[in-house]
Amino acid sequence: MQTTDTVLMIEPIAFGFNEETAKNNYFQVEQKGFDIQFKALTEFKAFVEKLRSKGINVITIKDTLDPHTPDSIFPNNWVSFHNDGKVVLYPMFASNRRVERREDIIETIKDQGFDVAEIDDWSLAEIQGHFLEGTGSMIFDHDNRIAYGSVSLRLDENLFRKFCEKYDFTPVVFHSFQTVGSERLPIYHTNVMMCVADKFVVICLDCIDNELERSKVIEAIKNSGKEIIEISEEQMQQFAGNMLQVQNKEGEKFLVMSETAYKSLNENQVSAIEKYCEIIYSDLNTIEVNGGGSARCMLAEVFLPKK
């Protein structure tokens, strides 16, 4: 199944600009002169309430002050929860993000009635400088067993291929870029330039500079039977690629995004999405500007079986 009705979200306690991740996350801008944590927490709580009001099961866990983890609000990078009962832990680029991996979070998920059969820890790869940042770097088409991955410092191609082999995904490997000043630089996470839903894919094809790679991605999407909803690079910069489809307990599906992303879309794009599902959007501006991530990054899907 492509969508889940349960997501994990980490409530920020000391959110802020992370200098370590800003080295290759070109969406980040440090804001000064006002209370970043207060605004981020306000945005977080309003976002949670919007999701819950639609019947989506949101498990929230508070971050801790020690160790300091400014990016803990983005849990989908260090953990994924699979329908066979496996929990996967991932190798992280920034050393101050590695301490986000907390056993007590997994225990809380179990306490919520989910069955964890095995913890599959890939994090030792970070010692050798190889990274694979979860569903930030990999976009799964669960129904068709396809994994899309844009190569960057946050996605090691060999590690990605090994993961796909173990978890029975067909890897679609490509390179995507964004314009930063006068340069074309690698996009840090695949999930800011594409989103795979049950019947459609939102993607910035303009970011895939290599024509052969672009054609390969288009072919994979078309062969999976999904409609391509294309966004521009300018819209991608407004986090229009950073979306996630979820469902509620009744099986109604929703595409979740930020207000910034929603406002960047044109009428045709909104109509194309709403053919398939309702849109949920929320103001995440402080989190986006300082953290360089948006709605999808804040949601770790829980596909684990119930006990």
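Reading the values: the criteria
Counting restarts for each chain, with residues numbered from 1 along the sequence as it is written. The predicted nature of this model means local features are confined to residues of pLDDT at least 70 and side-chain atom pairs, given and counted, to a pLDDT of 80 or more, with totals for whole chains, interfaces and linings taken over all residues. The side-chain values count all of the structure's non-hydrogen atoms but skip hydrogen atoms and water molecules. Two strands pair under a simple rule: DSSP has to find at least two bridges between them. Here a strand is any run of E in DSSP of at least two residues, a helix any run of H or I of at least four, and the numbering for each starts at the N terminus. Lines fitted to C-alpha atoms define the axes, with helix axes restricted to the stretch in contact, and inter-axis angles between N-to-C directions lie between 0 and 180 degrees. Should any heavy atoms of two residues lie within 4.5 Å, those residues are considered in contact.

Comments concerning the sheet that holds strand β7 (residues 146–150)
- Judged by pairing direction, the sheet is mixed, and its three strands sit side by side in the order β6-β7-β8 without closing on themselves. Of all the strands in the sheet, the pair left with one neighbour each is β6 (138–141) and β8 (170–174). Between one strand axis and the next, the sheet turns by 20° as a mean value, whatever way the strands run.
- Alignment of β6 against β7, held across four bridges, turns out to be antiparallel. Bridging across to β7, M138 finds its partner in G149.
- Against the sheet, helix α6 (residues 211–223) makes contact with β7 and β8, and its axis sits at roughly 150° relative to β8, the strand it touches most.

Some details on unusual backbone geometry
- In this structure, the amide linkage connecting D66 to the following residue, P67, adopts the cis form with an omega of 5°.
- Here P67 is to be found in the loop between β2 (57–62) and β3 (79–81).
- We note that D168 has phi near 60°; this positive angle belongs to a residue other than glycine.
- Inspection of the secondary structure assignment puts D168 in the loop between α5 (157–166) and β8.
- Phi at F239 is positive, roughly 70°, even though this residue is not glycine.
- Position of F239 relative to the elements: it lies in the loop between α7 (233–237) and β14 (244–247).

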